[in-house]
Amino acid sequence: MVSASIERAQAQEPFPVRQGVFVAVAGPSGAGKDSVMDYARQRLGPLAGEIVFARRIITRPMDAGGEDHDTLDETAFERARAAGRFALSWRANGLSYALPAEIDGTMRSGGVAVANVSRAVIPALEERYAHVLPVIVTAPPEVLADRLSRRGRETREEVLARLARGADSELKVEDATVIDNSGPLEAAGERFLTVLRKAAAWSDVCDMV
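To keep things clear, this report deals only with the structure shown in the data block. Keep in mind it's a predicted model, so treat the numbers as computed, not measured.

Here's the deal with the pattern of salt bridges
Stage number 1. On inspection of all chains with the given rule, the structure shows five salt bridges.
Stage number 2. Measuring nitrogen to oxygen at the nearest pair gives 3.1 Å for the salt bridge that ties Arg81 to Glu78. Residue Arg81 and its partner Glu78 are both found in helix H2 (residues 74–82); the two are separated by three residues, about one turn of the helix.
Stage number 3. Looking at Arg81, the relative accessible area reads 31%, which means it is partly exposed.

Structure representation (structure tokens):
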């Protein structure tokens, strides 16, 4: 179950933000979303100044493995949310997640923001930002199970339960670019780079339409 909230209380400007492009990266656990994003980030070249990869805030310890993120406990997280420090926050898999409010500035300046999100919060993102480009990174179930097991964060039973939940709550995302990351990382990474180049070109003109 995922619930999301758009943080509006501290906003000084109207929503949705009509400048910029938000690249929303979603997909099942174990699909390698962070690996694909890191591959692209290291190869942006001249686009590096236009594209910002958002650092998520999560109520998960830093030493839990996986992505590089900022950590808050639940009390501090709720305090930050109430203070308007988040652009978007949601609950998933027993944890709280958020994107920093600074993303609004990136968007209003006509840039490209990229973040790993739950696909269930994409509609909330589309309420806040007029131009959202969804990307679903995925892989076959056997690949997902192997990757999740190797993380060491969950027992086999917990891995199987996570995959079952994902299958049961599968959400279709309209107009999403689907990237299969079951093969070489370079193949999926290059496809994602193509998406980022498209987003950068779109951000140059999207506030004119």
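Now that the structure has been shown, we can carry on.
Description of helix H5 (residues 141–151)
Stage number 1. Along H5, the residues classified as buried are Leu144, Ala145 and Leu148. Along the long axis of H5, the arc covered by the buried residues comes to 100°, so they all point the same way. Away from its buried face, by an angle of more than 90 degrees, H5 presents the exposed residues Glu142 and Arg150.

Describing the packing of aromatic side chains
Stage number 1. According to the stated counting rule, one finds three aromatic pairs in the structure shown.
Stage number 2. For the pair Phe77 and Phe86, a centre-to-centre distance of 4.8 Å together with 40° between the ring planes defines the contact as tilted. Across this residue pair, the class does not change: Phe77 and Phe86 are buried.
Stage number 3. Between Trp90 and Tyr97, the ring centres sit 5.6 Å apart and the planes meet at 5°, which makes this aromatic pair stacked.
Stage number 4. Accessibility expressed as a relative area gives 3% for Trp90, which makes it buried.
Stage number 5. When the ring centre of Tyr39 is taken as origin, the NZ or CZ atom of Arg43, which lies over that ring, is 3.7 Å away.
Stage number 6. Between Arg108 and the ring centre of Phe15, over which it is positioned, the NZ or CZ distance is 5.1 Å.

Re H2
Stage number 1. For H2, the set of buried residues is Ala76, Phe77 and Ala80. All buried residues of H2 fall inside an arc of 105° around its axis, so they share one side. Turned more than 90 degrees from where H2 packs its buried face, Thr75, Arg79 and Ala82 sit exposed.
Stage number 2. Of the surrounding elements, those touching the buried residues of H2 are strand S4 (57–58), strand S6 (86–92) and strand S7 (95–100).
Stage number 3. Among the residues of H2, the N-terminal cap falls to Asp73, whose side-chain oxygen and the backbone nitrogen of Thr75 are separated by 3.2 Å.
Stage number 4. Taken from the residues just after H2, Gly84 is the one with a positive phi, measuring 80°.

A look at the side chain of Thr59
Stage number 1. Position of Thr59 relative to the elements: it lies in the loop between S4 and strand S5 (70–71).
Stage number 2. Side chain to side chain, Thr59 and Glu74 meet in a polar contact 3.3 Å long.
Stage number 3. Within the structure, Thr59 has its side chain in polar contact with the backbone nitrogen of Ser96 (distance 2.9 Å).

Brief notes about the packing of helix H1 (residues 33–41) against helix H7 (residues 185–203)
Packed helices, taken two at a time, are described by the angle their axes make and the gap between the axes.
Stage number 1. Taken N-terminus to C-terminus, the directions of H1 and H7 make an angle of 65°; their axes are 8 Å apart at the nearest point. Crossing of H1 against H7: the hand is right-handed. Taking contact as the criterion, the partners of Ser35, Val36, Met37, Tyr39 and Ala40 in H1 are, on H7, Leu185, Glu186, Ala188, Gly189, Glu190, Phe192, Leu193 and Leu196.
Stage number 2. Residues that form the contact of H1 with H7 fall into these classes: nine nonpolar, two polar and two charged.

Examining the nonpolar core
Stage number 1. Val23, Ile51, Phe53, Val112, Val114, Phe192 and Leu196 are the most contacted members of the largest nonpolar core, which totals 28 residues.
Stage number 2. Going through the elements one at a time, strand S2 (21–26), H1, strand S3 (51–53), strand S8 (112–116), strand S9 (132–138) and H7 are the ones with two or more residues in this core.
Stage number 3. Discounting residues that sit within four places of it in the chain, Val112 has contacts with Val21, Val23, Glu50, Ile51, Val52, Thr106, Ala199, Ala200 and Ser203.
Stage number 4. Leu95, Tyr97, Ile103 and Ala115 belong to the second-largest nonpolar core, a separate cluster that totals 27 residues.

Calculation notes
- Residues numbered from 1 in each chain as written.
- Predicted model: local features only at pLDDT ≥ 70, side-chain atom pairs only at ≥ 80, totals over all residues.
- Heavy atoms only, no water.
- Salt bridge = Lys/Arg side-chain N within 4 Å of Asp/Glu carboxyl O.
- Helix = DSSP H or I, 4+ residues; strand = E, 2+ residues; numbered from the N terminus.
- Buried < 20%, exposed > 50% of the residue type's maximum accessible area, 1.4 Å probe, protein only.
- Arc of directions from axis to C-beta.
- Phe/Tyr/Trp six-rings, centres within 6.5 Å; stacked < 30°, edge-to-face > 60°.
- Lys NZ or Arg CZ within 6 Å of the ring centre and 35° of its normal.
- Contact = heavy atoms within 4.5 Å.
- Polar contact = N/O pair within 3.5 Å; in protein donor to acceptor, adjacent residues only side chain to side chain.
- Axes fitted to C-alpha atoms, helices over the stretch in contact; angles between N-to-C directions.
- Left-handed = near helix turned anticlockwise from the far one by under 90°.
- Nonpolar A, V, L, I, M, F, W, Y, C, P; charged D, E, K, R; others polar.
- Core = buried A, V, L, I, M, F, W, Y, C linked by side-chain atoms within 4.5 Å.

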